[in-house]
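Notes for the structure review
The chain contents come next:
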Amino acid sequence: MSFNVRYCIIETATNKLIKGSNNSFIPDSVTSIGYGAFGSCSRLTSIEIPYSVTSIGEQAFQGCSSLTSITIPDTVTSSIGRWMFDGCSSLSSVTIGSGVTSIGNHAFFQCSDLNSITCYATTAPSITSDTFYYVKPNGILCYPYGSDYSSWMKTSAYYLGYYKWTGQEITE
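Described below are features of the structure shown in this document. (Residues numbered from 1 in each chain as written. Predicted model: local features only at pLDDT ≥ 70, side-chain atom pairs only at ≥ 80, totals over all residues. Heavy atoms only, no water.)

1. Topic: the sheet that holds strand 6 (residues 69–72)
The parallel open sheet is built from five strands, whose spatial order is 6-7-8-9-10. The open sheet terminates on both sides in strands that have one partner only, identified here as strand 6 and strand 10 (166–170). Taken over all neighbouring pairs, the strand axes of this sheet differ in orientation by 15° on average, direction set aside. Across four bridges, strand 6 lies against strand 7 (residues 93–96) in parallel orientation. Looking at strand 7, one finds that Ile-72 is bridged to Ile-96. (Pairing = 2+ DSSP bridges. Helix = DSSP H or I, 4+ residues; strand = E, 2+ residues; numbered from the N terminus. Axes fitted to C-alpha atoms, helices over the stretch in contact; angles between N-to-C directions.)

Dropping the structure here:
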């Protein structure tokens, strides 16, 4: 059984959002966002992910070309899946909570406006060589004081260092 809450289809047995729209609101009862749930919602400009969400499926926001920023809450304790934000060409700012442990391949593929990532994980989430494929040059990565994010800043192809990003420790 599923029901519609402000332009979302939610599977009630699992509290999984299985389909969203350009005008969706995610209620606090949702615990997961399914594979491709917001895929190709090209007019979605913003979405608030509630703290009740603990996992987000692969390709969940793929093709959301008008999405400008997003915050993944600390409660998400899985990975940011493959192709999660692929084609989100207006995405300029991403905040990643402390629970994320890995970021899949092509997660930020063709996020051509992405210029700011703040990650609160004290251990840098593992990434692949193509996690940040075709992001905007000269961005900034903010991470917790004393954390080692050198794996993200390599200068070999498609790491943030390749795109001349700089790292900055969060001291607060």
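2. Topic: the nonpolar core
Within the largest apolar cluster, 50 residues are counted, with the highest numbers of intra-cluster contacts made by Ile-33, Phe-38, Ile-56, Phe-61, Phe-85, Phe-108 and Trp-152. Those elements that provide at least two residues to this core are strand 6, strand 7, strand 8 (116–119) and strand 9 (140–144). Apart from residues no more than four positions distant in its own chain, Ile-56 is found in contact with Ile-33, Ile-49, Phe-61, Ile-72, Val-76, Ser-78, Ser-79 and Met-84. (Core = buried A, V, L, I, M, F, W, Y, C linked by side-chain atoms within 4.5 Å. Buried < 20%, exposed > 50% of the residue type's maximum accessible area, 1.4 Å probe, protein only. Contact = heavy atoms within 4.5 Å.)

3. Things to note about the pattern of salt bridges
Using the criterion set out here, one finds one salt bridge in the structure. A salt bridge links Arg-82 to Glu-58, with the shortest nitrogen-to-oxygen separation between them at 3.0 Å. Of this pair, Arg-82 sits in the loop between strand 6 and strand 7 while Glu-58 sits in the loop between strand 5 (55–56) and strand 6, and the two are 24 residues apart along the sequence. Since its relative accessible area comes to 38%, Arg-82 is described here as partly exposed. (Salt bridge = Lys/Arg side-chain N within 4 Å of Asp/Glu carboxyl O.)

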